[in-house]
Amino acid sequence: MVKSLNQIRNDFPILDQKVNDEDLVYLDNAATTQKPRAVVEALAHYYYTDNANVHRGVHTLAERATADFEAAREKVRAFINARSTTEVLFTRGTTTSLNWIAASYGEKVIGAGDEIVISYMEHHSNLVPWQQLALRKKATLKYIKMTADGHLDMTDAAEQITDKTKIVAIAQVSNVLGVVNPIKALAKLAHEHGAIMVADGAQSLPNMPVDVQELDCDFLAFSGHKMLGPTGIGVLYGKEAILNEMPPIEFGGEMIDFVDLFQSSWKELPWKFEAGTPDISGAIGLGAAIDYLSAIGMANVQAHEQELVNYVLPKLLAIDDLTVYGPHDPAQHTGVIAFNLNGLHPHDLATGLDMEGVAVRAGHHCAQPLMKYLKVPATARASFYLYNTKADADRLVDAIVATKEFFKHGTV
Ligand SMILES: Cc1ncc(COP(=O)(O)O)c(CN[C@@H]2CONC2=O)c1O
């Protein structure tokens, strides 16, 4: 039995508060999502009942903590349909996951003249690691263009990806344009040229079903905090055959098999890449978040967000002087919507919305090259999630109109 929207909202007590004397409308989910009681309770239960270090202890609490930690890894495996838990590495989040690929696979494989292909819409975490790797290795960094309505230009992709390409790294969903990129087609194109496909799943995992075997991506990176989980925990999925050929990135406890004075051997996957005491509670919290999302069903989460986008996008487009970035067809837009009110800095717009109790993001969204590509310094951005309602969407539209009037006439 899928929960009703009211039942879901009751699971997020943080939403039941006033901001500037107005009921809070939280629409900054692309920055981070709120946490249901079940996730907070899982964290509390671990610390109140099972807290111990994992893997090496033989006492009961250590065994329980290890079982909880590895059960969370199995939940992640099932959630993304990875073949084995050996393909699921816990990291600090998407940024760390992508840096690990560059630091290990990239350092080993990339040489002078090789190509790394990304896109203009990438988040800095899926741009700067590749940029710095290319600089270090005297490799070539190439950018796939977008079409006029903000989609990835697949004709340009076919031109940019060549037999010199070794890595293709693309966001599955843009955290600004709200478009879904064709990772499966990009992976096919990459593999045809002997390259690997890295999918940045930070904005897709929270909002839609993701099946790594169906996508056939070689790596997938995502963050727990964007999908009801705690901050500080994320995942790097990698095909086992590729991970087995990759050197560890960090060295120390947990990841070793034998340590001699002048050489050491490594643990098998996934622990080879997990040096030191892991974020045990974070992993358990992520497992609880996956339980919560799976009980609702990711297809239902996606459908709910699409219903909100179908409702709000036409209303936003109807506001004079409001520019919406990305596709104007609601069917082509996910729940993250960037916009600007002509003549008003996005920070002033977001401050005005906050005065109305509506929380959105304003800035470059860690996508400065995309802002340049769009010829704007920054944007405001609303991002919906499973606990948002059409009433929230109406509050956003009304707050934009009120803010527009305020800055035009000085009164609301
Ligand atoms: C597409 C995308 N890639 C990578 C990241 C980096 O994730 P971590 O910060 O968890 O490592 C984010 C984070 N989204 C940012 C966070 O704040 N606002 C955003 O849009 C993202 O949206």
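Residues numbered from 1 in each chain as written. Predicted model: local features only at pLDDT ≥ 70, side-chain atom pairs only at ≥ 80, totals over all residues. Heavy atoms only, no water.

Here we come to the overall build of the protein. Helix and strand counts for the protein stand at 14 helices and 17 strands. Whereas a compact globule of 412 residues would reach a radius of gyration of roughly 22 Å, the protein reaches 22 Å, a difference of no more than 12%. Each principal axis of the C-alpha distribution contributes one length, and for the protein these read about 75 × 55 × 35 Å. Taken over 412 residues, the protein has a buried fraction of 55%. Looking at the protein alone, contacts between residues at least 24 apart form 70% of all its contacts between residues at least 6 apart. Accessible surface, the protein: about 17000 Å² in total, of which carbon and sulfur atoms supply 54%. For the protein, the distance from the average site of its 35 positive side-chain charges to the average site of its 50 negative ones is 3 Å. (Helix = DSSP H or I, 4+ residues; strand = E, 2+ residues; numbered from the N terminus. Rg over C-alpha atoms; globule rule 2.2 N^0.38 Å. Buried < 20%, exposed > 50% of the residue type's maximum accessible area, 1.4 Å probe, protein only. Contact = heavy atoms within 4.5 Å. Areas by Shrake-Rupley, 256 points an atom, 1.4 Å probe, with all protein chains shown as cover. Lys, Arg positive; Asp, Glu negative; His and termini not counted. Charge placed at Lys NZ, Arg CZ, Asp CG, Glu CD.)

Take the side chain of Glu 305 next. For Glu 305, the position within the fold is in helix 11 (residues 298-317). Buried and unpaired, Glu 305 has no salt bridge, with Lys 226 as the nearest side chain of opposite charge at 11 Å. Among residues more than four places away in sequence, those in contact with Glu 305 are Asn 207, Gly 335, Phe 384 and Tyr 385. (Salt bridge = Lys/Arg side-chain N within 4 Å of Asp/Glu carboxyl O.)

This paragraph deals with the layout of surface pockets. A volume near 460 Å³ is recorded for the largest pocket. When residues of the lining of the largest pocket are traced back to their parent elements, those giving at least two are helix 4 (94-109) and strand 16 (361-363). Its residues assigned to classes, the lining of the largest pocket shows 8 nonpolar, 14 polar and 6 charged. Viewed by domain, the lining of the largest pocket spans two of them, domain 1 (41-295) and domain 2 (297-409), each represented by three or more residues. In this model, the second largest pocket occupies a volume close to 210 Å³. Surrounding the second largest pocket, 15 residues form its lining, Phe 90, Thr 91, Ala 275, Pro 278 and Asp 279 being those nearest its centre. Listed by contribution, the elements that provide at least two residues to the lining of the second largest pocket are strand 4 (88-91) and helix 4. (1 Å grid on protein atoms, 1.4 Å probe; cavity = no way out; pocket = protein on both sides within 12 Å on 5 of 7 lines; lining within 4 Å. Points joined across faces, edges and corners; volume = space filled by probe spheres on them. Nonpolar A, V, L, I, M, F, W, Y, C, P; charged D, E, K, R; others polar. Domains from an automatic or database assignment.)

Here the protein is partitioned into domain 1 (41-295) and domain 2 (297-409). Placing the centre of domain 1 and that of domain 2 at their C-alpha centroids yields a distance of 29 Å. Domain 1 puts 32 residues into the contact, and the matching count from domain 2 is 29 residues. Of all residues in domain 1, His 124, Val 176 and Asn 207 give up the largest surface area on contact with domain 2, accounting jointly for 25% of the area buried on that side. If you look at where domain 1 meets domain 2, you find 0 salt bridges. Counting across the domain 1 and domain 2 interface gives 12 residue pairs in polar contact (both at pLDDT 80 or more). At 4 residues, the largest contribution of residues to the side of domain 1 that touches domain 2 is made by helix 10 (residues 280-296). Looking at the side of domain 1 that touches domain 2, its residues break down into 19 nonpolar, 9 polar and 4 charged. (Buried area = accessible area lost by both parts, 1.4 Å probe. Polar contact = N/O pair within 3.5 Å; in protein donor to acceptor, adjacent residues only side chain to side chain.)

A few words on the confidence of the model for the protein. Low pLDDT means the predicted atomic positions in that stretch should not be read closely. Scored by pLDDT, the protein has a mean of 97; 99% of the residues are at 70 or more. Complex prediction metrics read pTM 0.98 and ipTM 0.99. (pLDDT = per-residue confidence, 0-100.)

Two side chains carrying opposite charge are able to pair once their charged atoms lie near each other. Across all of its chains, the model carries 23 salt bridges by this definition. Here Arg 381 makes a salt bridge to Asp 28, at a shortest N to O gap of 3.7 Å. Placement of the pair is Arg 381 in strand 17 (residues 379-383) and Asp 28 in the loop between strand 3 (25-26) and helix 2 (37-50), with a sequence separation of 353 residues. Exposure remark for Asp 28: the relative accessible area of 7% places this residue in the buried category. One salt bridge connects Glu 115 with Lys 142, and the closest N-O pair in it is separated by 3.2 Å. With Glu 115 in strand 5 (residues 115-119) and Lys 142 in strand 6 (residues 140-144), this residue pair connects regions lying 27 residues apart in the sequence. One connected set of salt bridges, linked through shared partners, spans Asp 28, Arg 361 and Arg 381.

With that out of the way, let us pick up the environment of Asp 348. Among the secondary structure elements, Asp 348 is positioned in helix 12 (residues 346-355). Measuring from C-alpha to C-alpha, the distance between Asp 348 and Thr 403 comes to 8.8 Å, with 55 residues separating the pair along the chain. Each residue touching Asp 348, except ones within four places of it in the same chain, is listed here: Thr 403 and Phe 407.

Now for empty space enclosed by the protein. Tallying each qualifying case throughout the model produces 1 cavity of 30 Å³ or more. Computed from the structure, the largest cavity encloses a volume of approximately 60 Å³. There are two domains that each give the lining of the largest cavity at least three residues, and those are domain 1 (41-295) and domain 2 (297-409).

Moving on to the site of the ligand. As a structural note, the neighbourhood of the ligand is formed by 13 residues, with Thr 95, Asp 200, Ser 223, His 225 and Arg 381 the closest of them. According to the grid-proximity analysis, the pocket containing the ligand is the largest pocket. Split by residue class, the shell around the ligand holds 3 nonpolar, 7 polar and 3 charged. (Near = heavy atom within 4 Å. Sits in = over half its atoms within 2 Å of the grid points.)

Axis separation between helix 4 and helix 5 (residues 128-137) bottoms out at 9 Å; the angle between their running directions is 25°. What the angle tells us is that helix 4 and helix 5 run roughly parallel. Crossing of helix 4 over helix 5 shows right-handed handedness. Of the residues in helix 5, those touching helix 4 at Leu 98, Asn 99, Ile 101, Ala 102, Gly 106 and Glu 107 are Pro 129, Trp 130, Leu 133, Arg 136 and Lys 137. Looking at the contact of helix 4 with helix 5, its residues break down into 6 nonpolar, 2 polar and 3 charged. (Axes fitted to C-alpha atoms, helices over the stretch in contact; angles between N-to-C directions. Parallel < 35°, antiparallel > 145°, perpendicular 65-115°, else oblique. Left-handed = near helix turned anticlockwise from the far one by under 90°.)

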